[in-house]
Amino acid sequence: MALFVLLISFVVLMVLGAPVAVTMFGSSLMYILVDPALSFSNVATKVVNGVTGTSLLSLPLFILAGEIMNSGGVTQRLFRFPLSFIGHLKGGLAYVNVAASMLFAGMSGSAIADTAGLGKIEMDAMDDAGYEKEFSVAITASSSTIGPIIPPSNTMIVYAVAAEVSVARLFMGGFIPGILMGAVLCVYIWFYAHRHNLPAQPKASWRERGHATIQAFFPILTPVILIVGICTGVCTATEAGALAVIYATLLNCVYNRGFKLAEMHTCFYNAFVSMAQICFIVMASGLFGWVVTLANIPSMIANALYTMGANKYVILLLINLIFLVMGMFLSINASLLIMTPVLVTLANMYDLSLVQIGVMVTLNLTIGLLTPPVGWNLYIMSAVSGLPFERVVKAIVPTLVPLVIALLLITYIPGLVTWLPDFLMGPGIS
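Residues numbered from 1 in each chain as written. Predicted model: local features only at pLDDT ≥ 70, side-chain atom pairs only at ≥ 80, totals over all residues. Heavy atoms only, no water.

## Regarding the packing of helix H10 (residues 167-196) against helix H17 (residues 354-367)
Counted only if it meets this: For every element, the axis is a line fit to its C-alpha atoms; helices are fit only across the contacting stretch, and the angle between N-to-C directions ranges from 0 to 180 degrees. A helix here means a DSSP run of H or I that spans at least four residues, while a strand means a run of E at least two residues long, and both kinds are numbered starting from the N terminus. Oblique is the label for any angle not covered by the other classes, which are roughly parallel (under 35 degrees), roughly antiparallel (over 145) and roughly perpendicular (65 to 115). In this scheme, a crossing is called left-handed if the near helix is turned counterclockwise away from the far one by less than a right angle; it is called right-handed if the turn is clockwise. Only heavy atoms matter for contacts: two residues are in contact if any of them lie within 4.5 Å across the pair. Gly falls in the polar group here, along with every residue not listed as nonpolar (Ala, Val, Leu, Ile, Met, Phe, Trp, Tyr, Cys, Pro) or charged (Asp, Glu, Lys, Arg).
For the pair H10 and H17, the least separation of the axes is 9 Å and the interaxial angle reads 50°. Judged by the inter-axis angle, H10 sits oblique to H17. Crossing handedness for the pair H10 and H17: right-handed. Here H10 contributes Arg 169, Leu 170, Gly 173, Gly 174, Pro 177 and Met 181 to the contact with H17, which in turn contributes Val 355, Gly 358, Val 359 and Leu 363. Residues of the contact of H10 with H17, tallied by class, amount to 6 nonpolar, 3 polar and 1 charged.

## Some words on the packing of helix H9 (residues 154-163) against helix H16 (residues 332-350)
Taken N-terminus to C-terminus, the directions of H9 and H16 make an angle of 35°; their axes are 9 Å apart at the nearest point. Like other packed secondary-structure pairs, H9 and H16 cross with a definite hand, here right-handed. Together, Thr 155, Val 158, Tyr 159, Ala 162 and Ala 163 of H9 and Ile 332, Asn 333, Leu 336, Leu 337, Thr 340, Leu 343 and Val 344 of H16 make up the contact between the two elements. In the contact of H9 with H16, the residues fall into 9 nonpolar, 3 polar and no charged.

## Structural notes on the environment of Ala 105
Operational definition: Each residue gets one of three labels from its accessible area relative to the maximum for its type: buried under 20%, exposed over 50%, partly exposed in between, using a 1.4 Å probe on protein chains only.
Here Ala 105 is to be found in helix H6 (residues 92-108). Looking at Ala 105, the relative accessible area reads 0%, which means it is buried. Expressed as a C-alpha distance, the spacing of Ala 105 and Val 137, which sit 32 residues apart in the sequence, is 18 Å. Excluding residues that lie within four positions of it along the chain, Ala 105 makes contacts with Ile 146, Gly 147, Ile 150, Pro 151 and Pro 152.

## Topic: the nonpolar core
As a reminder, the rule being used: The nonpolar core is taken to be a set of buried Ala, Val, Leu, Ile, Met, Phe, Trp, Tyr and Cys residues, with the residues joined through side-chain atoms within 4.5 Å.
Ranked by size, the top nonpolar core spans 137 residues in total, and within it Phe 135, Tyr 159 and Ile 319 carry the most contacts. Setting aside residues no more than four positions away along its own chain, Tyr 159 makes contact with Glu 164, Val 165, Leu 170, Leu 336, Thr 340, Leu 343, Leu 354, Ile 357, Gly 358 and Val 361.

## As for the packing of aromatic side chains
The cut-off we apply is this: Stacked, edge-to-face and tilted labels apply to pairs of Phe, Tyr and Trp rings (six-membered ring for Trp) whose centres lie within 6.5 Å, assigned for plane angles under 30 degrees, over 60, and everything in between, in that order.
According to the stated counting rule, one finds 12 aromatic pairs in the structure shown. The interplanar angle of 80° and the centroid separation of 5.2 Å between the aromatic rings of Phe 217 and Phe 218 together place this pair among those described as edge-to-face. What makes Phe 217 partly exposed here is its relative accessible area of 42%. Centroid distance Tyr 379 to Phe 389: 4.6 Å. Interplanar angle 25°. Geometry classified as stacked. In this pair, Tyr 379 sits in helix H18 (residues 376-385) while Phe 389 sits in helix H19 (residues 389-412), placing the two residues 10 residues apart along the sequence. For Tyr 379, a relative accessible area of 38% puts it in the partly exposed group.

## Here we look at H17
So the rule is basically this: By definition here, a helix of n residues has an expected span of 1.5 Å times n minus one. We call two N or O atoms a polar contact when they sit within 3.5 Å, provided that within protein one can donate a hydrogen and the other can accept it, with sequence-adjacent residues counted only if both atoms are side-chain atoms.
The end-to-end C-alpha distance of H17 is 20 Å, a good match for the 20 Å that 14 residues give at a rise of 1.5 Å each. In terms of burial, H17 is a largely internal element, 14 of the 14 residues being buried. For H17, the N-terminal capping position is held by Ser 353, with its side-chain oxygen 3.2 Å away from the main-chain nitrogen of Val 355.

## Topic: the environment of Ala 125
Inspection of the secondary structure assignment puts Ala 125 in helix H7 (residues 111-128). Note: C-alpha distance between Ala 125 and Asn 97 (28 residues apart in sequence) is 9.7 Å. In this structure, Ala 125 is in contact with Phe 79 and Leu 93, ignoring residues within four places of it in sequence.

## A few points about unusual backbone geometry
Each neighbour pair has its own omega, and for Pro 151 with Pro 152 the value is 0°, a cis peptide bond. By the secondary structure assignment, Pro 152 is in the loop between helix H8 (133-143) and H9. Phi at Asn 197 is positive, roughly 50°, even though this residue is not glycine. Even without a glycine there, the phi angle at Asp 351 is positive, about 55°. Exposure remark for Asp 351: the relative accessible area of 68% places this residue in the exposed category.

## Quick notes on the environment of Cys 235
Topologically, Cys 235 is positioned in the loop between helix H11 (206-231) and helix H12 (237-255). Judged by its relative accessible area of 11%, Cys 235 falls in the buried class. The residues touching Cys 235, leaving out its near neighbours within four places in the chain, are Gly 229, Ile 230 and Ala 240.

Quick look at the structure:
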């Protein structure tokens, strides 16, 4: 009876359009109300426990560091660096678009931050060079999906807290998949560039390349400093987040000479709003996860799949399909927190790597930012480009193909995710 009430109340609240956090919280309370063995005295403890993890403390710091980076003159320098080396290739600005996103991914940890921060710069440059606006939109939006894969990654921190997985191993696991995503997008660009005879930029001199390298050198060092610090044990993920804020502030003061205290206030405000939204979802999911576990739902789902005779390859495919669909309708963090108990159970039953699954579902849900109706990057690109939403959706469809290819590769070749953390940190619980 209690399980039936939980499922019905969850569905009803979702259909009524309630926020995901309210849906999780409300359906959990209904379950507790119906089950006589449970008491409301547990609610406060479970809600608070959801946001007391030390790893979660690093999240607001990385969000703040990304906001500070975005407010300074860093993004322009990151764009000019690859432009000086590969801008002269046919379709060079499209390659630069992907390369700049890969560089910015090591600072923002967010696909939305990438699109908002670099999107306008990339779109303006490609428009001025005569690229079709639809193609520019497609490459800018699809390359932004690399943001949550290459560390640091805000999404991976949320997953690490929910699944109790090492943040450092997840960060390391995202490096090769992030490079792979950039590579498959570049292959798509190569075919498109030669088919449509895309323009090329004038070749930069070595003097110009040297200047661009010097300008971008210290921003590019950001992810290197953080990851080396975490993997060598010099600092924890939380301490690395604090270091990122300090380093980003110093870069902002150097590169943005007109930097004012009011700008820092805006950065803190934006980071606070983002973190408040995440914390509300995490608190609600703490209670919801406890209730779902009591209702034995993860085990029921896993046992049903096991009874059907599904092997681990089918399970991996089902995980991808489920999260691709969820990414179309729910936010990244909500989807992660709702499904992580099921993922942990499946991983234990089928001897799957939780690090590999973490990177998989992060990419799945990031692709969801490019699919309607809840594709935030689609709305951002529509605003930046001036194209109607429908034309943005149509333009992005072809670039989903290389992203899905990258997803399938990291799904069925687990070494692409697990090799680097095992090599750098030694074999461990993945």
